[in-house]
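Take a look at the letters that make up each chain.
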Amino acid sequence: MGQALCCVQVDQSTVAIKETFGKFDEILQPGCHFLPWCLGSQISGYLSLRVQQLDVRCETKTKDNVFVTVVASIQYRALADSASDAFYKLSNTREQIQAYVFDVIRASVPKLELDATFEQKNDIARAVEEELAKAMSNYGYEIVQTLIVDIEPDVHVKRAMNEINAAARMRLAANEKAEAEKILQIKRAEGEAESKYLSGLGIARQRQAIVDGLRDSVLAFSANVSGTTPKDVMDMVLVTQYFDTMKEIGASSKSSAVFIPHGPGAVRDVASQIRDGLLQGSSSLI
């Protein structure tokens, strides 16, 4: 109906390319325009001024010979002032932008190792944007923004990287566990040393108390019973303790029999041995 009335409507964010007898005439802005088709005027096409997005997947190789797939997102739009260039100079805008992206990525990534590629993806995006902006400005397009949205190494490389990371964390955990065990062993050894030291002090004090008690008993018995010497009293006390010890052994031991020498000579030898042992213990404490 609009063509029959020689009128044409151009939508918002869109421009129309007007030709007269096949030759470019003017750019029609959004709105309603008079188009005398009978005089050779016609609409050759429409051009959107909206921001468009193109996702490009480019496979390339890093400096350390790892194949990666770089995913770049290009946001671009046609310029209203250069709409004729954007409409006439490029036959396939998306494929031509993709070709420029391939060229820049395959020139930049091979200079970097895999780890550096992840770290410097913003630099790669900036290089792609600068190259595209310089090239596409001649064709009436503006590069709004360029993003490197993903870098995908080969699946085997990703698995190897995860294993390396896991091994490093396990090694760190093993070191921390070893340090903890070392501290526990040191503390345990210090505790045992302190315990043995205190036990030795207790035994020494016990022996000193026994010797002091025996000495006081012998002196008191000699003073109260005439005709006895300290040696006689000491022998009697030691023999009494000896038989008390044998009695406790027989009562608490799991054995049914204990063999000990018996007789006057044996008792005298036992007393002599006990006395010598106590005297040696007393001299060592002194």
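If you check an unreviewed UniProt entry, the protein appears there as Band 7 domain-containing protein from Papaver atlanticum.

Chemist: Looking at this structure, I do not really get the pairing of strand β3 (residues 23-28). What am I missing?
Modeler: Moving residue by residue along a regular strand, the side chains alternate between the two faces of the sheet. Note that strand β2 (residues 14-20) and β3 share five bridges and pair antiparallel. Across the sheet, the residue bridging to Lys18 is Glu26, located in β3. In this antiparallel pair of consecutive strands, β2 and β3, the connection spans two residues, and Phe21 shows a positive phi of 55 degrees.

Chemist: What's the story with the nonpolar core in this structure? I'm lost.
Modeler: Generally speaking, a soluble globular protein has its nonpolar side chains buried in company with each other. Residues Ile74, Ile97, Val101, Ile105, Val128, Leu132 and Tyr141 are the most contacted members of the largest nonpolar core, which totals 32 residues. Elements with a minimum of two residues in this core: β6 (52-61), β7 (67-78), α1 (83-88), α2 (93-108), α3 (114-119), α4 (121-136) and β8 (141-153). The biggest single contributor to this core is β7, with six residues. For Tyr141, the contacting residues outside a window of four places in its chain are Leu47, Tyr76, Arg77, Ala78, Leu79, Ala86, Leu90, Thr93 and Met136. Val10, Leu28, Leu35 and Ile43 belong to the second largest nonpolar core, which has six residues in total.

Chemist: For this particular structure, what's the right way to read α4?
Modeler: It helps to recall that an α-helix has 3.6 residues per turn; residues three or four apart then point in one direction. The end-to-end C-alpha distance of α4, which contains 16 residues, comes to 22 Å, matching closely the 22 Å that a straight helix rising 1.5 Å per residue would cover. Listed as buried for α4 are Ile124, Ala125, Val128, Leu132, Ala135 and Met136. Across the axial projection of α4, the buried residues extend over an arc of 105 degrees, all falling on one side. Within α4, the exposed residues directed more than 90 degrees away from the buried face are Asn122, Glu130 and Lys134. Next to the buried residues of α4 lie β7, α2, α3 and β8.

Calculation criteria
- Residues numbered from 1 in each chain as written.
- Predicted model: local features only at pLDDT ≥ 70, side-chain atom pairs only at ≥ 80, totals over all residues.
- Heavy atoms only, no water.
- Pairing = 2+ DSSP bridges.
- Helix = DSSP H or I, 4+ residues; strand = E, 2+ residues; numbered from the N terminus.
- Core = buried A, V, L, I, M, F, W, Y, C linked by side-chain atoms within 4.5 Å.
- Buried < 20%, exposed > 50% of the residue type's maximum accessible area, 1.4 Å probe, protein only.
- Contact = heavy atoms within 4.5 Å.
- Expected span 1.5 Å × (residues − 1).
- Arc of directions from axis to C-beta.

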